[in-house]
Amino acid sequence: MRAVRKNYLIYLTMILVFGGLIYAAVMGGGHWLHASPLRPVAAGVDAFTQFKTVLHDNLMHPFAVLLVQIIVVLVTVRAFSFVFRWMGQPGVIGEIVAGIALGPSVLGALYPDMFGFLFRPDSLTNLELVSQLGLVLFMFVIGMEVDFGVLKNKIHETLIISHAGILVPFFLGILASFYVYGEYASHQTAFLPFALFIGISMSITAFPVLARIVQERNMTRRPVGILTIASAANDDVTAWCLLAVVIAIAKAGTLGGALYTVLLTIVYIVVMFAGVRPFLKKLGAFYSNKEVINKAFVGFVFLLLAVSAVLTEVLGIHALFGAFMAGVVMPSNPGFRKVMVEKVEDIALVFFLPLFFAFTGLRTQVGLVNTPGLWGVCLLLVLVAVIGKFGGCAVASRLVGESWKDSFIIGTLMNTRGLMELVALNIGYELGVLPPPIFVILVLMALVTTFMTTPLLNLVERRFASEARTPSAQRRLLLFFGRPETGAILLSVYKLLFGKQLSCHRVIAVHYTMGTDVNLVNAEQFRQESFIPVDERANYLGISVEKRYRVTDNLVSDMIATVEAEAPDILLLGAGPRFMADGEKSMTVFFGLFREKVDDVLFRVSCPVAIFVNRGYQDGNEVTIWINGSRDAFLFAYLERLLEEGDGLVRLYVSGRAEKDYSGQVQHFAGRYAGRFSCCPCIETEELALLPAHGLLVLSYAACEDFAARHIFTSLPSLLVIKETL
């Protein structure tokens, strides 16, 4: 305490002494006050008015305006993304719509003064430059996510599918441009670049959006998902190379004038693959994890990215192509790519890309499509895009041997455009090739074709669902787990319930990762790590387990959908030791859910649900079943299964009032399983608190609700709470 007072005294003395000296020095310079002030003050203006003027000037400073724009854009984009994910659509659609809502079509029409304040014409240059920087980083990430290993494994199928998905819509787009060009574009640009841009806009697939949808629908390990990802990656590489040629032709105006640019571009690509990629591959063998990837190496990677982007910008094929190629030639080492993607992706997706959506929205004036003729063009281009991409990829998939169901799934996914389409359209707009009304129509086309992906996939899966299901005598045992170790414990619970017969049944383990913005590299790592304890326990028990993994933003809805799709005979969930400990009718936090949402899982599924509450249960310990009247009579079936399939001791507690009702069944079990079964009439429920601490108590959901309101509940051992079918 004495030391604290001493420190305060020293500090106070220092402030007084130096404060006095500073004051004396300032006052000593008073003879210079005759110099004119930096900012003249109008006569009669009070101090508060001056303060407001300073605040206004600060707010109008270009940097302050940019920061305000960023804040408004980020908040709006997050809100729209949340709404669209809640609707079951990819969040990127909400982000694109948010950009349009901030533009002249919505904000400018409803609140013109606010729009004029936020997005003054003289402030848009800064917003454009920052958004372009974000696009460079984003295209770098997209390039790194191209997996050449997958392309090599599926090279023959993917070449046919992806190139059919480019050639067919490209051809149809050029045909459509004959109808559109004369009336809507001939006054602004030549036919050749216009037709080529319409063709390329029909051909692009949004690889990142497609990958997220494949992830969300648990298709990453299915053959159709692998084939679709590979085809989309091939499409991505081909389409961007084709776009580079189209840009060169658009800038030159003729095929001959673009020849030099195309030749230099080919040289650039050869150097990147034949020179830069082998060099980086050697570096990648050493720089493969966070421990060895230092700031110097990261700086070198970003320098390479900048050089590649500058070269392609100077060549006239846009910096984004250079950024994409820089990502493609990065070492294929998974550890290296994972670290680099993590460093770049979040800032690119969360901070920079929303600015690009906003800037695109400022260019998108839906009011420009204001005649029946323009709406007819919009309908035509949407139909051409869907027929060309969906039809071309679906037919090509069927020709290479895929089923009609998988062919339709591939066609639907490849028809997704989203963000990549917007990037190409903005390039066409900046080059003056796409007139504003046609630009708006193509943005709407991108939104429609992306928005229709999820509903169309659901339709295809429902249409072929009856063909996919085959009758089977096997029981379908489904379990959901959050923490990896919980999955292994739940397998042991199923082993307890089904004993030796467990290997004859179909066990399905499901794990979810929250957040659909998880990239493919991290999602694969999470999947592998989450199922390690499950695989180890399955090997120990001598059973096979089907694994389901997906990322989601709607956990409860996806769990219910999975239960409906799998139609299990029983569903097993895990819960913590505080299950119902607060006396409410729902469990405590489970899978990160709020308690009131868990009832949606328990009461909206049509199969029996068992909830394992782990309070230190150990395999081989005594199992106790509690029956309290007719509502718990269904537990006799579980009792018989435990005795029939297992070899441990099972104890039955029957409430005093129900003992006479079930005396015949109790005698049957006592005679058939002598030495392993015992029945204990229970006069006082407090006796259950004396059960072995590492044992297991099996009871109904209704009985658990009754116990939860009593003081003995927290003294009970581990619980297996079972709710029968409604």
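What counts, and at which threshold
Residues numbered from 1 in each chain as written. Predicted model: local features only at pLDDT ≥ 70, side-chain atom pairs only at ≥ 80, totals over all residues. Heavy atoms only, no water. Helix = DSSP H or I, 4+ residues; strand = E, 2+ residues; numbered from the N terminus. Buried < 20%, exposed > 50% of the residue type's maximum accessible area, 1.4 Å probe, protein only. Contact = heavy atoms within 4.5 Å. Core = buried A, V, L, I, M, F, W, Y, C linked by side-chain atoms within 4.5 Å. Axes fitted to C-alpha atoms, helices over the stretch in contact; angles between N-to-C directions. Parallel < 35°, antiparallel > 145°, perpendicular 65-115°, else oblique. Left-handed = near helix turned anticlockwise from the far one by under 90°. Nonpolar A, V, L, I, M, F, W, Y, C, P; charged D, E, K, R; others polar. Patch = residues over 30% accessible without salt bridge, like charges linked within 9 Å, V, L, I, M, F, W, Y side chains within 5 Å. Areas by Shrake-Rupley, 256 points an atom, 1.4 Å probe, with all protein chains shown as cover. Salt bridge = Lys/Arg side-chain N within 4 Å of Asp/Glu carboxyl O. pLDDT = per-residue confidence, 0-100. Expected span 1.5 Å × (residues − 1). Phe/Tyr/Trp six-rings, centres within 6.5 Å; stacked < 30°, edge-to-face > 60°. Lys NZ or Arg CZ within 6 Å of the ring centre and 35° of its normal. Pairing = 2+ DSSP bridges.

So, the overall build of the protein chain
Thinking step 1. Counting its secondary structure elements, the protein chain contains 30 helices and 10 strands.
Thinking step 2. The buried share among the 726 residues of the protein chain stands at 51%.
Thinking step 3. Look at the contacts in the protein chain between residues 6 or more apart in sequence, and 80% of them connect residues 24 or more apart.

Thoughts on the nonpolar core
Thinking step 1. Counting 135 residues, the largest nonpolar core has Phe194, Phe197, Trp240, Phe324, Ile438 and Leu442 as the members making the most contacts within it.
Thinking step 2. By residue number, the principal contributor to this core is helix H12 (residues 223–252), which donates 15 residues.
Thinking step 3. Once you skip the residues sitting within four places of it in the chain, leucine 442 turns out to touch Ile198, Ser201, Met202, Leu381, Leu425 and Leu434.
Thinking step 4. Residues Val551, Ile625, Leu639 and Leu642 belong to the second largest nonpolar core, which totals 46 residues.

What to know about the packing of helix H16 (residues 334–363) against helix H19 (residues 418–430)
Thinking step 1. Across the interface, H16 lies against H19 with an axial gap of 11 Å and an inter-helix angle of 50°. One element, H16, and the other, H19, form an angle in the oblique class. In the crossing of H16 with H19, the sense of the turn from one axis to the other is left-handed. Between H16, through Leu353, Phe356, Phe357, Thr360 and Arg363, and H19, the contact on the second element is made entirely by Leu419, Leu422, Val423, Asn426, Tyr429 and Glu430.
Thinking step 2. A per-class count over the contact of H16 with H19 returns 7 nonpolar, 2 polar and 2 charged.

Description of a nonpolar patch on the surface
Thinking step 1. A contiguous nonpolar patch, built from Tyr11, Met14, Ile15, Val17, Phe18, Leu21, Ile22, Tyr23, Val26 and Met27 and spanning about 1,100 Å² of accessible area, is present on the exposed surface.
Thinking step 2. With respect to the helices and strands, methionine 27 occurs in helix H1 (residues 2–28).

What about the confidence of the model for the protein chain?
Thinking step 1. Residues with a pLDDT of 70 or more make up 85% of the protein chain, whose mean pLDDT is 79.
Thinking step 2. Here helix H22 (residues 465–468) stands out as the element of the protein chain with the lowest mean pLDDT, 56, in contrast to helix H17 (residues 372–399), whose mean of 91 is the highest.
Thinking step 3. Counting interchain partners and residues more than four positions distant, the pLDDT-below-50 stretch residues 583–595 has 37 contacts.

Examining helix H3 (residues 62–86)
Quick reminder: α-helices carry 3.6 residues per turn. Residues three or four places apart thus point the same way.
Thinking step 1. If you check H3, its first and last C-alpha atoms are 36 Å apart, about what 25 residues at 1.5 Å a residue would give, namely 36 Å.
Thinking step 2. Three or more residues of H3 are buried, namely Ala64, Val65, Leu66, Gln69, Ile70, Val73, Thr76, Val77, Ser81, Phe84 and Arg85.
Thinking step 3. Where H3 is buried, its residues meet helix H2 (47–59), helix H4 (91–101), helix H6 (112–118), helix H7 (124–144), H16 and helix H20 (436–451).
Thinking step 4. Taken from the residues just after H3, glycine 88 is the one with a positive phi, measuring 90°.

Some thoughts on the pattern of salt bridges
Thinking step 1. Taken as a whole and judged by the stated rule, the model has 11 salt bridges.
Thinking step 2. With a shortest N-O distance of 2.8 Å, arginine 476 and glutamate 566 are connected by a salt bridge. One end of the pair, arginine 476, is in strand E1 (residues 476–480); the other, glutamate 566, is in helix H26 (residues 555–566), with 90 residues separating them in the sequence.
Thinking step 3. Among the salt bridges present, the one from arginine 548 reaches glutamate 546, with a minimum N-O distance of 3.0 Å.
Thinking step 4. Of the residues examined, arginine 548 reaches a relative accessible area of 18% and is grouped as buried.
Thinking step 5. Classification of glutamate 546 as partly exposed rests on a relative accessible area of 28%.
Thinking step 6. Beyond isolated ion pairs, a larger network of salt bridges with shared partners links Arg476, Arg506, Glu546, Arg548 and Glu566.

A word on the packing of H3 against H7
Thinking step 1. The interhelical angle for the contact between H3 and H7, taken along N-to-C directions, is 60°, at an axis separation of 9 Å. Comparing the axis directions of H3 and H7 gives the class oblique. Between H3 and H7 lies a crossing of right-handed hand. Along its contact with H3, which presents Pro62, Leu66 and Gln69, the element H7 presents Asn126, Leu127 and Val130.
Thinking step 2. Residues that form the contact of H3 with H7 fall into these classes: 4 nonpolar, 2 polar and no charged.

Considerations on the packing of aromatic side chains
Thinking step 1. Per the counting criterion, the structure on display carries 16 aromatic pairs.
Thinking step 2. Residues phenylalanine 351 and phenylalanine 352 carry aromatic rings whose centres are separated by 5.1 Å and whose planes lie at 90° to one another, so their mutual orientation is edge-to-face.
Thinking step 3. Aromatic side chains phenylalanine 356 and phenylalanine 357 sit 6.0 Å apart centroid to centroid with 50° between the ring planes, which places their arrangement in the tilted category. Phenylalanine 357 carries the same exposure label as phenylalanine 356, and that label is buried.
Thinking step 4. One aromatic cluster is present, formed by Phe178, Tyr181, Phe191 and Phe194 through successive ring pairs.
Thinking step 5. Its end group placed over the ring of tyrosine 638, arginine 641 keeps NZ or CZ at 5.1 Å from the ring centre.

Some thoughts on the pairing of strand E4 (residues 570–575)
A regular strand places its side chains so that they alternate between the two faces of the sheet.
Thinking step 1. With 6 of its 6 residues buried, E4 lies for the most part within the structure.
Thinking step 2. Residues of E4 alternate between two faces, with Ile570, Leu572 and Gly574 on one and Leu571, Leu573 and Ala575 on the opposite face, all of them buried.
Thinking step 3. Pairing between E1 and E4: 3 bridges, direction parallel. Within E4, the residue paired with leucine 477 across the bridge is isoleucine 570.
Thinking step 4. By the bridge criterion, 5 bridges tie E4 to strand E5 (residues 609–613) in an arrangement that is parallel.

A few points about unusual backbone geometry
Thinking step 1. Here the phi dihedral of alanine 567 falls at roughly 50°; this positive angle occurs in a residue that is not glycine.
Thinking step 2. Its place among the elements puts alanine 567 in the loop between H26 and E4.
Thinking step 3. A residue is classified by how much of its surface remains accessible, and alanine 567, at 45% relative accessible area, is partly exposed.

Here's the deal with the environment of leucine 353
Thinking step 1. Position of leucine 353 relative to the elements: it lies in helix H16.
Thinking step 2. Here leucine 353 falls in the buried class, since its relative accessible area comes to 2%.
Thinking step 3. Distance from leucine 353 to glutamine 132, taken between C-alpha atoms, is 8.8 Å for residues 221 residues apart in sequence.
Thinking step 4. When sequence neighbours within four positions are dropped, the list of residues in contact with leucine 353 reads Leu135, Phe138, Ala348 and Leu419.

Side note on the environment of leucine 102
Thinking step 1. Among the secondary structure elements, leucine 102 is positioned in the loop between H4 and helix H5 (107–110).
Thinking step 2. We classify leucine 102 as buried; its relative accessible area is 7%.
Thinking step 3. For leucine 102 and phenylalanine 359, which are 257 residues apart along the polypeptide, the C-alpha to C-alpha distance reads 9.0 Å.
Thinking step 4. If near-sequence neighbours (up to four positions away) are discounted, leucine 102 is found in contact with Val72, Val73, Thr76, Leu107, Phe115, Phe119, Ala358 and Leu362.

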